[in-house]
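Now for the letters of each chain:
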Amino acid sequence: MKGISILIVCILLLTSCKNVAPSSTPTKETLASEFIDAFYSFDKVRLASVLSEAKESQPSILYYQKWAKCGNYMVLNRQDFVVQNDSTLLCPVTVKDDLMAALAIDFNVTDTFRITVKKGNIRSVTTSSNDPDLYYTAKDWVKQNRNEIIEVPCDGIWEGGPTPCECIKAMIRGFGEFKKETNTEP
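In short, a report on the structure. Everything numeric here is computed off the predicted structure, so don't read it as measured data. (Residues numbered from 1 in each chain as written. Predicted model: local features only at pLDDT ≥ 70, side-chain atom pairs only at ≥ 80, totals over all residues. Heavy atoms only, no water.)

1. Brief notes about the overall build of the protein chain
If you tally the helices and strands in the protein chain, you get eight helices and five strands. Helices (α) and strands (β) of the protein chain occur, in sequence order from the N terminus, as α-α-α-α-β-β-β-α-β-β-α-α-α. A total of 186 residues make up the protein chain; the buried ones form 39% of that total. Residue pairs at least 24 apart in sequence account for 57% of intrachain contacts in the protein chain once pairs closer than 6 positions are excluded. (Helix = DSSP H or I, 4+ residues; strand = E, 2+ residues; numbered from the N terminus. Buried < 20%, exposed > 50% of the residue type's maximum accessible area, 1.4 Å probe, protein only. Contact = heavy atoms within 4.5 Å.)

Next comes the structure, spelled out in structure tokens:
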């Protein structure tokens, strides 16, 4: 009887313990790296997948991805992540782009992505840039003097508008006209 009891205990122990792997929740850094890789792959489906739990961020970030693709953003430097708090990382990426080329200035913009991760998923992403004052001056000039070239293509800008590629190309054209018209020096 004692042998049967031990056998039953062993069977119960073996059947109650499932082959469970230890939790493999990705780190904030891993998720942030996946986001940066997806963003600069210029693959909309891949980026949307990475942002599957960040629905509110999708329209502006997917728009910006297409804007960056059509503006020929070329990554020059992926800087180290900066831990802002227990759920948020800042991810600075320096790029060369056609907007600065249209202004004929030797400046490379650093986009900083603010990525919030909760429960193993990216929950939100926002972005900011260190665009120089001349960028904002040119942007305002285009709005005031050549609004007709950007009005339709830039409809819904940063809100998931339908034509990010046409918008940045119109802005690049406008920046070129600004440069010629104002003869600005960097």
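2. Quick word on the pattern of salt bridges
Inspection of the entire model under this criterion finds five salt bridges. Of the charged contacts, one joins Glu53 and Arg123 as a salt bridge, the two residues approaching to 3.5 Å between their closest N and O atoms. Taken as a pair, Glu53 in the loop between α3 (44-50) and α4 (58-70) and Arg123 in strand β5 (residues 121-129) lie far apart in primary sequence, 70 residues in all. Residue classification places Glu53 among the partly exposed positions, given a relative accessible area of 40%. You can call Arg123 partly exposed: its relative accessible area is 30%. Between Arg173 and Glu177 there is a salt bridge, with its nearest N and O atoms 3.3 Å apart. One end of the pair, Arg173, and the other, Glu177, are both in helix α8 (residues 164-182), four residues apart, so they sit about a helical turn from each other. The exposure class of Glu177 is partly exposed, given its relative accessible area of 23%. One connected set of salt bridges, linked through shared partners, spans Arg146, Glu148, Arg173 and Glu177. (Salt bridge = Lys/Arg side-chain N within 4 Å of Asp/Glu carboxyl O.)

3. Some points on the packing of helix α2 (residues 28-41) against α4
Close contact between α2 and α4 brings their axes to 8 Å; oriented N to C, the two are set at 50°. Considered as vectors, α2 and α4 are oriented oblique to each other. Here Phe35, Ala38, Phe39 and Ser41 of α2 lie close against α4, whose contacting residues are Ile61, Tyr64, Gln65 and Ala68. (Axes fitted to C-alpha atoms, helices over the stretch in contact; angles between N-to-C directions. Parallel < 35°, antiparallel > 145°, perpendicular 65-115°, else oblique.)

Take it as geometry only, folks, not as evidence of what the structure does.
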